Amino acid sequence: MPRPASTEAVLTIDLPAIVANWKDLALRGGPGAVAGVVKADAYGLGAAEVGRALRAAGCRHFFVAQLREGMALREAIGTGPMIAVLGGFRPGEDDDAGLTPVLNSLGDVAAHGAAGRADGVARRAILHVDTAMARLGLDAGELARVSQDHGLLAGLDLLYVMTHLACADEPAHPLNAAQAQRFAAACAGLPKTRRCFANSSGMFLGPAFASDLSRPGCALYGINPTPGQANPMRAVVRLDAPVLQVREIAPGTPVGYGASWTAARPTRVATVAVGYADGYLRSLSSRAAAECRGQPVPLIGRVSMDLTTFDVTDLPDIAPGDRLTLIGGSGCSPDDLAASAGTIGYEILTSLGARYHRDYLRG
Ligand SMILES: *Cc1c(COP(=O)(O)O)cnc(C)c1O
């Protein structure tokens, strides 16, 4: 891998930490298996790299959102593991990549069942039952029809029945127990099939949410699956950005677009080569901090497209070429930045830009 240029920000992705998080969740999954959810390029971290690392660690089940993601992942990890496509696809569209469609409607059931009956080889698939999201999956009416007539499933080899939790990150939310109960009722009406239930946060809700296959995503990547409690996962992502310039400004001097921040004291401003075009969200303007040498460094003024300014007055020897840790330092985890920006850690990760020099730690 080429070295980063002196002016380039370096995104470090700790693959052994992802594997450690997966193994930790696998212990938590009890007797059930634990998949790796690697949709959206493994939440922005690189699906091929993450997929290969998890596969080498023994992960046998992967979930992506889209057909193209599944085909690229198959290229990366080879044959063997299940790769399920949450958004589904038409029979044959996966071009022999051996992807597993998630069937989200009776129309999907009919299409893949017909293909299986036509060539006499039952099609492997996952049946998705909606128990609260009103998004994808069989609705109550569709579920009732399949429950009354299992013949609708002819031509299919159902690997799992799945559902998805709406409020798993709020343990006290009544919808969690309601969904567990609805899912159990749905499964009781279907032919006996293995179950696929919890996402990351769901794996921390207790035994009613255990199943034959859990589907964690965010926790693998270091996002806290138990908001409000200590993060049980290892940190995975770190962003170190070089200082391009340092300048001294007098009290009363404004900084950046809109002159939204004005120095109240003699201030040293460090300008760093990362901006909102890199996924360092503009909504962080004057609301976040980076870290340098163990000290917090406040973000001042607006985040621009390619540049962001920080107050390094308290670190007098910072010079161009030194690096600030924008993500992954203390006080600037993806969850911390999300809280400052009014979003969730998932969006911080999936927004990570294409201009970073990416450095994969391999242990
Ligand atoms: C994204 C997704 C997951 C993973 O969710 P996390 O909260 O990231 O663990 C699991 N199942 C479905 C259906 C998803 O869309």
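Residues numbered from 1 in each chain as written. Predicted model: local features only at pLDDT ≥ 70, side-chain atom pairs only at ≥ 80, totals over all residues. Heavy atoms only, no water.

- Per an unreviewed UniProt entry, the chain goes by Alanine racemase and derives from Roseomonas alba.
- Regarding the chain, the UniProt comment filed under Pathway (unreviewed entry) reads as follows: "Amino-acid biosynthesis; D-alanine biosynthesis; D-alanine from L-alanine: step 1/1."
- UniProt, in its Catalytic activity (unreviewed entry) section for the chain, records the words "L-alanine = D-alanine". (UniProt positions renumbered as here; feature names shortened; annotations may be inferred.)

1. A few points about the environment of Met82
So, point 1. You can see Met82 is positioned in strand β5 (residues 82–85).
So, point 2. Sequence spacing of Met82 and Phe62 is 20 residues, and the spatial spacing of their C-alpha atoms is 6.0 Å. (Helix = DSSP H or I, 4+ residues; strand = E, 2+ residues; numbered from the N terminus.)

2. Regarding the site of the ligand
So, point 1. In the neighbourhood of the ligand, 13 residues make up the surrounding shell, with Lys39, Tyr43, Ser200, Cys218 and Tyr346 lying closest.
So, point 2. Residue Gly217 places a main-chain N or O atom 2.8 Å away from an oxygen atom belonging to the ligand.
So, point 3. Residue Cys218 places a main-chain N or O atom 2.8 Å away from an oxygen atom belonging to the ligand.
So, point 4. Protein chains shield 93% of the accessible area of the ligand, which is 390 Å² for the free molecule.
So, point 5. For the shell around the ligand, the class distribution of residues is 7 nonpolar, 4 polar and 2 charged. (Near = heavy atom within 4 Å. Polar contact = N/O pair within 3.5 Å; in protein donor to acceptor, adjacent residues only side chain to side chain. Areas by Shrake-Rupley, 256 points an atom, 1.4 Å probe, with all protein chains shown as cover. Nonpolar A, V, L, I, M, F, W, Y, C, P; charged D, E, K, R; others polar.)

3. Section: the UniProt feature "modified residue: N6-(pyridoxal phosphate)lysine" (unreviewed entry) in the chain
So, point 1. In this structure's numbering, the residues bearing the UniProt feature "modified residue: N6-(pyridoxal phosphate)lysine" (unreviewed entry) are Lys39.
So, point 2. Residue position: Lys39 is located in helix α2 (residues 39–43).
So, point 3. In this view, Lys39 contacts Phe63, Val64, Ala65, Glu69 and Leu86; residues no more than four positions away in its chain are not counted. (Contact = heavy atoms within 4.5 Å.)

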